[in-house]
Amino acid sequence: MSALVNYTWHSALWSAILELDPNKVARRLDEATRAIDERMKIPVEPDDSEHQAIQEARSGIAMLKAVATNPRPV
């Protein structure tokens, strides 16, 4: 059984994912991106698991930004 890992940037990412106010989504996504960028500045290299999680998070953020900037017509 693998343990759940909580990286320092997870809270910012989850805040972006769970944001319901369309006016705040872009800001939350930017905050999540900055949190990941700040993590990458820390001298301790991410291990393989965190590196993969960061890649997946960046892909997810890009997808969410695309959706947020191109809302579906009502």
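Residues numbered from 1 in each chain as written. Predicted model: local features only at pLDDT ≥ 70, side-chain atom pairs only at ≥ 80, totals over all residues. Heavy atoms only, no water.

Between its first and last C-alpha, helix α3 (residues 48–69) extends 32 Å over 22 residues, near the 32 Å set by a 1.5 Å rise per residue. Of all the residues in α3, the buried ones are E50, A53, I54, A57 and I61. Each buried residue of α3 lies within a common arc of 100° when the element is viewed along its axis, so the set occupies one face. For α3, exposure combined with an orientation more than 90 degrees from the buried face picks out D48, M63 and V67. Against α1 (10–18) and α2 (22–41) lie the buried residues of α3. (Helix = DSSP H or I, 4+ residues; strand = E, 2+ residues; numbered from the N terminus. Expected span 1.5 Å × (residues − 1). Buried < 20%, exposed > 50% of the residue type's maximum accessible area, 1.4 Å probe, protein only. Arc of directions from axis to C-beta. Contact = heavy atoms within 4.5 Å.)

Let's shift gears to the environment of D21. Secondary-structure assignment places D21 in the loop between α1 and α2. In this structure D21 comes out as partly exposed when scored by relative accessible area, which is 26%. In sequence terms D21 and D37 are 16 residues apart; their C-alpha atoms lie 24 Å from each other. A polar contact is formed between the side chain of D21 and the backbone nitrogen of N23, at a distance of 2.8 Å. (Polar contact = N/O pair within 3.5 Å; in protein donor to acceptor, adjacent residues only side chain to side chain.)

Turning our attention to the side chain of E19. You can see E19 is positioned in the loop between α1 and α2. A polar atom in the side chain of E19 sits 3.0 Å from the backbone nitrogen of D21. E19 has contacts with K24, V25 and R28, leaving out every residue within four places of it along the chain.

Before going further, it helps to examine the environment of L64. Tracing the backbone shows L64 in helix α3. Sequence separation of L64 and A16 is 48 residues, and the distance between their C-alpha atoms is 8.9 Å. Apart from residues lying up to four places away in sequence, L64 is in contact with I17 and L29.

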